[in-house]
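Letter by letter, the chains look like this.
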Amino acid sequence: MKTTISYPEKAAMGKTGSWRVFRPLFHEDKCIKCWRCWIFCPEGAISRNELPSINYDFCKGCGVCANECPVNTIEMGREEK
Ligand code: SF4
Ligand code: SF4
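Numbers given to residues run from 1 along each chain, matching the order in which its sequence is written. Going through the entries in the order they are written, you letter the chains from A and number the ligands from 1. Local features in this predicted model are restricted to residues of pLDDT 70 or higher, and side-chain atom pairs are both shown and tallied only at a pLDDT of 80 or more, whereas totals for entire chains, interfaces and linings draw on every residue. Only heavy atoms go into the side-chain values, all of them from the structure, while hydrogens and water stay out.

A. Representation of the overall build of the protein within the structure. When helices and strands are tallied, the protein shows 2 helices and 4 strands. Reading the secondary structure of the protein in the N-to-C direction produces β-α-β-β-α-β. Sequence-distant contacts, at least 24 apart, represent 68% of the contacts inside the protein between residues at least 6 apart. Areas reported as accessible are Shrake-Rupley estimates using a 1.4 Å probe. Residue values count occlusion only from the protein chains shown. When the accessible surface of the protein is summed, it comes to about 5600 Å², and 53% of that surface belongs to carbon and sulfur atoms. Strands are runs of DSSP state E lasting at least two residues, helices are runs of H or I lasting at least four, and both sets are numbered from the N terminus onward. What makes two residues a contact is simply this: any of their non-hydrogen atoms within 4.5 Å.

B. Region of interest: the nonpolar core. The biggest cluster of nonpolar side chains holds 10 residues, and these are Cys37, Cys41, Ala45, Ile46, Ile54, Phe58, Cys59, Cys65, Ala66 and Ile74. In contact with Cys59, other than residues within four places in its own chain, are Thr16, Arg20, Pro24, Ala45 and Ile54. Throughout this description, the term nonpolar core refers to a set of buried Ala, Val, Leu, Ile, Met, Phe, Trp, Tyr and Cys residues connected via side-chain atoms within 4.5 Å. Exposure is judged per residue with a 1.4 Å probe applied to protein chains only, and the accessible area is read against the type maximum: over 50% gives exposed, under 20% gives buried, and values in between give partly exposed.

C. How the structure looks around the environment of Pro70. One can find Pro70 in the loop between helix H2 (64-68) and strand S4 (74-78). We classify Pro70 as partly exposed; its relative accessible area is 49%. Between the alpha carbons of Pro70 and Ile32 there is a distance of 9.0 Å; along the sequence they are 38 residues apart. Setting aside chain neighbours within four positions, we find Pro70 in contact with Ile32, Cys34 and Arg36.

D. Expanded view of the site of ligand 1. In the vicinity of ligand 1, the residues found are Pro24, Cys41, Pro42, Ile46, Cys59, Lys60, Gly61, Cys62, Gly63, Val64 and Cys65. Side-chain classes follow a simple rule in which Ala, Val, Leu, Ile, Met, Phe, Trp, Tyr, Cys and Pro form the nonpolar group, Asp, Glu, Lys and Arg form the charged group, and the remainder, Gly included, forms the polar group. For the shell around ligand 1, a count of residues per class yields 8 nonpolar, 2 polar and 1 charged. One heavy atom within 4 Å of a molecule or strand makes the whole residue count as near it.

In structure tokens form, the structure reads like this:
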């Protein structure tokens, strides 16, 4: 059976490179471990460890994780070049 979840090693668009404009910033003190960010990230760039961790090699900065987080744990910031 096929799954709709992609994983970083096979992410839908591959490594991001330097074009990302926004970067998710994680404020771990607020996290309630609901894992919505992990479920909805379209690139599979979030891993389930003790807390969510973002693999910036594959994160596209789309903001889905920040949008889905119910307690505003993830903030989108401007990527610094
Ligand atoms: S911004 Fe969030 S949802 Fe979008 S690719 Fe990066 S980690 Fe995934
Ligand atoms: S969606 Fe927010 S609260 Fe839920 S696991 Fe992700 S960062 Fe934590």
